[in-house]
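Each chain is listed here by its residues.
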Amino acid sequence: MVHSSVLGFPRMGADRELKKANEAYWAGKLSQEDLVKEASRLRLEHWKIQKDAGVDIIPSNDFAFYDHLLDHIQLFNAVPERYSSAKLSPLDEYFAMGRGHQKDGVDVPSLEMVKWFDSNYHYVKPTFQDGQEFKLASNPKPVRDFKEAKEAGITTRPVLVGPVSFLALGKADRNQSVDPISLLEKLLPVYVELLQQLKEAGAEYVQIDEPVLVFDLEQKVKDAFKPAYEKLTGSGLPKLVLATYFGDIVHNLDVFPSIQNVAAVHIDLVRNPEQLETVASKLGSSQALSVGVVDGRNIWKTNFKNAIEIVESAVQKLGKDRVIVATSSSLLHTPHSLDSEKKLDEEVRDWFSFAVQKVAEVVVIAKAVTEGPASVREALEANAKSMQARATSKRTNVQAVKDRQASVTPEQHERKSEFPSRYAQQKEHLHLPLFPTTTIGSFPQTKEIRIQRNKFTKGEITPEEYERFIEKEIEETIKIQDELDLDVYVHGEPERNDMVQYFGERLDGYAFTTKGWVQSYGSRCVRPPIIVGDISRPAPMTVKESKYAASVSKKPMKGMLTGPITCLRWSFPRDDVHQSVQAQQLALALRDEVVDLEAAGIYVIQVDEPALREGLPLRKGIEREKYLSWAVDSFKLSCAGVKDSTQIHSHFCYSEFQDFFHAIAALDADVLSIENSKSDAKLLKVFEDKEYPRHIGPGVYDIHSPRVPSEQEIKDRVADMLKYLKPEQLWINPDCGLKTRQWKETKAALINMVNAAKYNREKY
Ligand code: GLN
Ligand code: ZN
C-alpha cells in the first residue's frame, strides 16, 4: 500500500503558544520547568492531530524551542567556547546561541542567523572551530522526543538534518579557517551513535534531511555523500529516508550511487514535478520514493486530481509498496489551522489549506491511490468543486486587469530620458546640496501610535479622529526634520502597520488571516497576506498622507511605497498563475500610485525592494536570469510613469550585489539607498568597477541597535565610502527605516549624521 507521511509540523501552536511561553521564560515570568512542560504539551497535541487524521508516518524531533539547526549544534556539541564557558543550563546555553545572553555578568551575542533556502524562515548557522571536535549530548533530544511520542502510543519517524547539509550550511567561526566539510570524518561517529540510540529506542525509520542537494554543489561536498551514507546505513541502524526539498536534485544525480543504501529518497514534486521520471529511474530496485505533492510552503488546497496523477505515475514505475505520499517539505512554513480563522470570507476560505488541513490531504491522496478513488469519493468531489470555483471566480478573473496587462508596452518600462539629463532636471527642481541627507522612511513607531491604531481598528475612535492624529504625528516629524536640517524629508509612516500588509489592505485581490502566523525566526512570527486573485488598486493608497506632509514642509517630501517584488515575496502568492504575472499586476497598481503622488506634488518617490534578492532562484543560471528579468521589469514598470524631473529612489536592506549587479544597475533608479554600515565598505567597489553612473546612499550607521554613532565615526565611514564612490554620487542616510528605535537616540544619531554631511560639503 501507499503510505502517507508528513515531513514536519509547525511548532508554534494554534495560538502561538510556544512563542508566548518562550518570551515569558526569557522575561523571567515562566519557570524553565513550565516552559518544558508547555513544549511537551504542544508536541503531543501536534502528534495527536496527525495520528487522528490517519497519517501513517508522523515526524518527531521536528519540534525546536528556537530553531532545528540550533538543536543540532547543541546535540553534537558544536557549541563555541564563549557559550559553553558561561556555564549556563543547557536550555539557557541554547537560547544564548540563538538570541544572545546579557545577564549576571555573561555577555555573549547570538550566532549568525540566515535565511533557510528561499523561505522566510531563518536558521542559526553552525559555526565551527579549527580543531573542532563533536560529542553526542547525553540523553539526546531526538531520542527523548521519540520516546515521548512512543509513550503516548505514537510511533514516529525522527527527523535529523543530515551530516553533509549540517556541515555545508555552516561556516568557520570568526578568526578560524576550518573548512566545515572537512569535519565530516569527525562528525560521522556521532551520527552513528545517535542512530544506534534511536534504533534501540525502537525507531525503525529515520528521516534524514539533505536539502543542500538542491543547490549547485562543490565537488568536495558531493564527494562527502559517499563516506557519510556508507557509515550511516547498515545493520544495527534504522533505515533512512533521505529528504530533499525546495528544488530539484537532477543536477546532483551523480550522488545516487553514494546513497544507494538509504531506504527511500524524498523529492519535492510541487516545486519540480518534472524530476519524478529521472529520479525514479535512478533508484535501486528496493529503494522507495517519497513523493512530495502537498505544498509545505503555501496555503492553497492541494489539487487532488493533479496530485493523484503524479502519485499514480510514480506507482506505475515503482509499485505501490515503493511509493510514499508526503508533504513537499516540512509544514513549518504554513500557518497552523484554518479552523482558527473566524473572519475569512467564505468564498476564499474554501480555497485554503493550512497545516492541519494539509495533513488530512496527504491521507486522502494516499487512500485514493491505495484503495481507489471510490474510497474517498466525497473528498475528491468537494475538492474538484473547490478547484473549479477558484478557477472561475470573479476574484481570479478580473478582465480589466488582464486587459491592462495585455496592453503593457516595452516603452512603459523606460524613463523618458537617460540619467544625466534626468539628473540635471532634478537638480534644478529639488535644489539639493552635495551629499544630500535623508532617512529611509519610517520614524519611531511610538507606543502612542500603536495605541491610537488599535483604538481605530477596534472602532473606539472615528476615522476622522484617527486621521487627525496621524496628521499631528506627521507634523511633528516634519518639525523634527526641520530642526535636524535634513535635505529630503519623509512623512514617517505612522499610519503603516507593516510595509506589505498596509498595501495589501488597500488593494483588491488580497485576503488576510487573523491567526495565519508562520515562524520567521526564534519566537518571531509573521502573518503574510494572501494574494487570492487579480490585483488592482481601487483608490490611491498613500497620497493623502504624503500630500499632507508635503503641504506642511518646506523641503522636498519623499513618497514611500513598497515595491512589487517585496509585496509578492512577503505575501503568500497564488499558485495558479506565474509569479511574474502577479508581480506585473502589483507593478501596475503601484505605477498608478507613483503617478498620483507626482500629481499631488511629491517629486521624490522611494520604492522599497528589500526582498528582491531573496527571490533569486537557488541555483545560478537560466532560472535566475529569468527571475531577474521579470523582477526588474516589474520594478521599472512601477516607477517609469513619472517625469524626468521626479526622482525615483529605491532601498535594499543589504549591499552584497556582486552576484546580480547587472540587475541592480538595470533598475535605473536615480538613487539607491542600501544597508552597508555593518559590512565592509569594500562591497561598494563593484559600483566603481562597473562605473555605476547613478546616485547611492550606503547606510552610514546601524539602525538595529539603540547605540548612537559619533560624528567622527560617520565621517570615517563616509571617507571609506568615498574610496569607491564619487562625492557627487553619495547620499548620506541611515541603514534602514527607524521604526524600531526611540526618538531620543534617533535624534542624537541624525544630528551627528547631518553634521558629518555638512563637514564633507565644506571639504569637497
Ligand atoms: N521604508 C521602510 C521603512 O523605513 C523600509 C523598510 C525596509 O527596508 N525593510 O520602514
Ligand atoms: Zn531596509
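Model, not experiment: these values are computed from the prediction. (Residues numbered from 1 in each chain as written. Chains lettered and ligands numbered in written order. Predicted model: local features only at pLDDT ≥ 70, side-chain atom pairs only at ≥ 80, totals over all residues. Heavy atoms only, no water.)

So, on to the overall build of the chain. Across its full length, the chain holds 27 helices and 24 strands. For 764 residues, the compact-globule formula gives about 27 Å, and the C-alpha radius of gyration of the chain, at 27 Å, lands near that figure. Structurally, the chain occupies a C-alpha span of about 80 × 60 × 50 Å along its principal axes. Put simply, the chain shows about 30800 Å² of open surface, and 50% of that area lies on carbon and sulfur atoms. Averaging the locations of the 101 positively and 111 negatively charged side chains of the chain gives two centres separated by 1 Å. (Helix = DSSP H or I, 4+ residues; strand = E, 2+ residues; numbered from the N terminus. Rg over C-alpha atoms; globule rule 2.2 N^0.38 Å. Areas by Shrake-Rupley, 256 points an atom, 1.4 Å probe, with all protein chains shown as cover. Lys, Arg positive; Asp, Glu negative; His and termini not counted. Charge placed at Lys NZ, Arg CZ, Asp CG, Glu CD.)

All right, on to the sheet that holds strand β23 (residues 671-674) then. As summarised here, the arrangement of the six strands in space is β15-β20-β21-β22-β23-β24, forming an open sheet in which the pairing is parallel. The strands lining the two open edges of the sheet, one partner per strand, are β15 (489-490) and β24 (695-698). Sheet topology note: the strand β21 (residues 604-608)/strand β22 (residues 647-652) ladder contains five bridges and is parallel. By the bridge assignment, Val604 is partnered in β22 with Gln647. (Pairing = 2+ DSSP bridges.)

Attention shifts here to the site of ligand 1. Neighbouring ligand 1 are 13 residues, the closest being Ser442, Glu493, Asp608, His651 and Lys739. In the model, a nitrogen atom of ligand 1 is placed 3.1 Å from a nitrogen or oxygen of the Ile440 main chain. The separation between an oxygen atom of ligand 1 and a polar side-chain atom of Lys739 is 2.8 Å. Bound to the protein, ligand 1 loses 93% of the 300 Å² it would expose on its own. A class-by-class count of the residues in the shell around ligand 1 yields six nonpolar, four polar and three charged. (Near = heavy atom within 4 Å. Polar contact = N/O pair within 3.5 Å; in protein donor to acceptor, adjacent residues only side chain to side chain. Nonpolar A, V, L, I, M, F, W, Y, C, P; charged D, E, K, R; others polar.)

For the zinc ion (ligand 2), the protein coordination sphere consists of His651 (NE2), Cys653 (SG) and Cys736 (SG), at 2.0 to 2.2 Å. If you look at the zinc ion (ligand 2), its four donor atoms make angles of 83 to 127° with each other, and the shape they trace is irregular. The sequence pattern formed by the donor residues of the zinc ion (ligand 2) is H-x1-C-x82-C. Of this pair, Cys653 sits in the loop between β22 and α24 (661-666) while Cys736 sits in the loop between α26 (711-721) and α27 (743-763); the two residues are 83 residues apart in sequence, bridging distant segments of the chain. (Donors = N, O, S within 2.8 Å, 3.2 Å for Na, K, Ca; no water. Tetrahedral: all angles 85-135°; square planar, octahedral: opposite > 155°, others 65-115°.)

Another aspect to go through is the confidence of the model for the chain. Per-residue confidence for the chain gives a mean pLDDT of 97, with 100% of residues at or over 70. Confidence estimates for the predicted assembly give a pTM of 0.95 and an ipTM of 0.99. (pLDDT = per-residue confidence, 0-100.)

What follows deals with the packing of helix α18 (residues 463-484) against α27. Each pair of packed helices can be described by the angle between their axes along with the distance between the axes. Look at α18 against α27: their axes get within 10 Å of each other, and the N-to-C directions meet at 35°. The hand of the α18/α27 crossing is right-handed. Between α18 and α27, the contacting residues are Thr477, Ile480 and Leu484 on the first element and Trp743, Lys747, Leu750, Ile751 and Val754 on the second. Considering only residue class, the contact of α18 with α27 consists of six nonpolar, one polar and one charged. (Axes fitted to C-alpha atoms, helices over the stretch in contact; angles between N-to-C directions. Left-handed = near helix turned anticlockwise from the far one by under 90°. Contact = heavy atoms within 4.5 Å.)

Within a sheet, neighbouring strands are paired by backbone hydrogen bonds and run either parallel or antiparallel to one another. Across the sheet, which stays open at both edges, the eight strands sit in the order β1-β14-β13-β12-β11-β10-β8-β2 with parallel pairing between neighbours. Looking at strand neighbours, the two that pair on one side only are β1 (3-5) and β2 (58-60), the edges of this open sheet. Direction aside, the axes of adjacent strands within the sheet are offset by 30° on average. Inspection of the sheet shows β1 paired to strand β14 (residues 323-327) by three bridges, in the parallel sense. Within β14, the residue paired with His3 across the bridge is Ile324.

Our next topic: the side chain of Lys301. Checked against the element boundaries, Lys301 lands in the loop between β13 (288-294) and α11 (304-318). A distance of 2.8 Å separates the side chain of Lys301 from the backbone oxygen of Asp350, its partner in a polar contact. Among all residues touching Lys301, those that are not within four sequence positions of it are Asp350, Trp351, Phe352, Ser353, Glu361, Asn383, Ser386 and Met387.

Counting 117 residues, the largest nonpolar core has Phe76, Phe166 and Tyr229 as the members making the most contacts within it. If one sorts the elements of this core by residue count, helix α8 (residues 184-201) sits on top with 10 residues. Formed by 88 residues, the second largest nonpolar core is a distinct cluster that contains Ile449, Met557, Val607 and Ala756. (Core = buried A, V, L, I, M, F, W, Y, C linked by side-chain atoms within 4.5 Å. Buried < 20%, exposed > 50% of the residue type's maximum accessible area, 1.4 Å probe, protein only.)

Glancing now at the pattern of salt bridges. Between side chains of opposite charge, a pair can form when the charged atoms approach closely. Tallied over the full model, the rule gives 58 salt bridges. In this structure, Asp689 engages Lys685 in a salt bridge whose closest nitrogen and oxygen atoms are separated by 3.2 Å. Of this pair, Asp689 and Lys685 both sit in helix α25 (residues 685-689), four residues apart, which is roughly one turn of that helix. Where salt bridges share partners, they join Arg390, Lys402, Asp534, Arg574, Asp575 and Asp576 into one cluster. (Salt bridge = Lys/Arg side-chain N within 4 Å of Asp/Glu carboxyl O.)

Once that is clear, we can look at unusual backbone geometry. Here Asn77, not a glycine, exhibits a phi torsion of approximately 55°, which is positive. Mapped onto the elements, Asn77 comes out in the loop between α3 (68-75) and α4 (81-84). Although it is not a glycine, Asp485 adopts a positive phi angle of roughly 65°.

Applying the stated criterion across every chain yields a total of 34 aromatic pairs. Judged by centre distance (6.3 Å) and plane angle (70°), the rings of Tyr66 and Phe95 are edge-to-face. One end of the pair, Tyr66, is in the loop between β2 and α3; the other, Phe95, is in helix α5 (residues 90-99), and 29 residues separate them in sequence. As far as burial versus exposure is concerned, Tyr66 and Phe95 are alike and both buried. Look at Tyr510 and Phe512: their rings are 6.2 Å apart centre to centre, the planes differ by 20°, and that puts the pair in the stacked class. In this structure Tyr510 comes out as buried when scored by relative accessible area, which is 9%. Positioned over the ring face of Trp300 is Arg390, at 3.7 Å from the centre of the ring. (Phe/Tyr/Trp six-rings, centres within 6.5 Å; stacked < 30°, edge-to-face > 60°. Lys NZ or Arg CZ within 6 Å of the ring centre and 35° of its normal.)

Counting buried residues in strand β11 (residues 239-243) gives four out of five residues, a clear majority hidden from the surface. For the crossover from strand β10 (residues 205-209) across helix α9 (residues 219-231) to β11, the handedness is right-handed. (Right-handed = clockwise from strand over helix to strand, strands pointing away.)

Following both chains from N to C, one finds α8 and α9 inclined at 25°, their axes separated by 10 Å at the closest point. Judged by the inter-axis angle, α8 sits roughly parallel to α9. When you trace α8 past α9, the crossing you get is right-handed. Judged by residue contacts, Leu184, Glu185, Leu188 and Val192 of α8 engage Ala224, Pro227, Ala228 and Lys231 from α9. (Parallel < 35°, antiparallel > 145°, perpendicular 65-115°, else oblique.)

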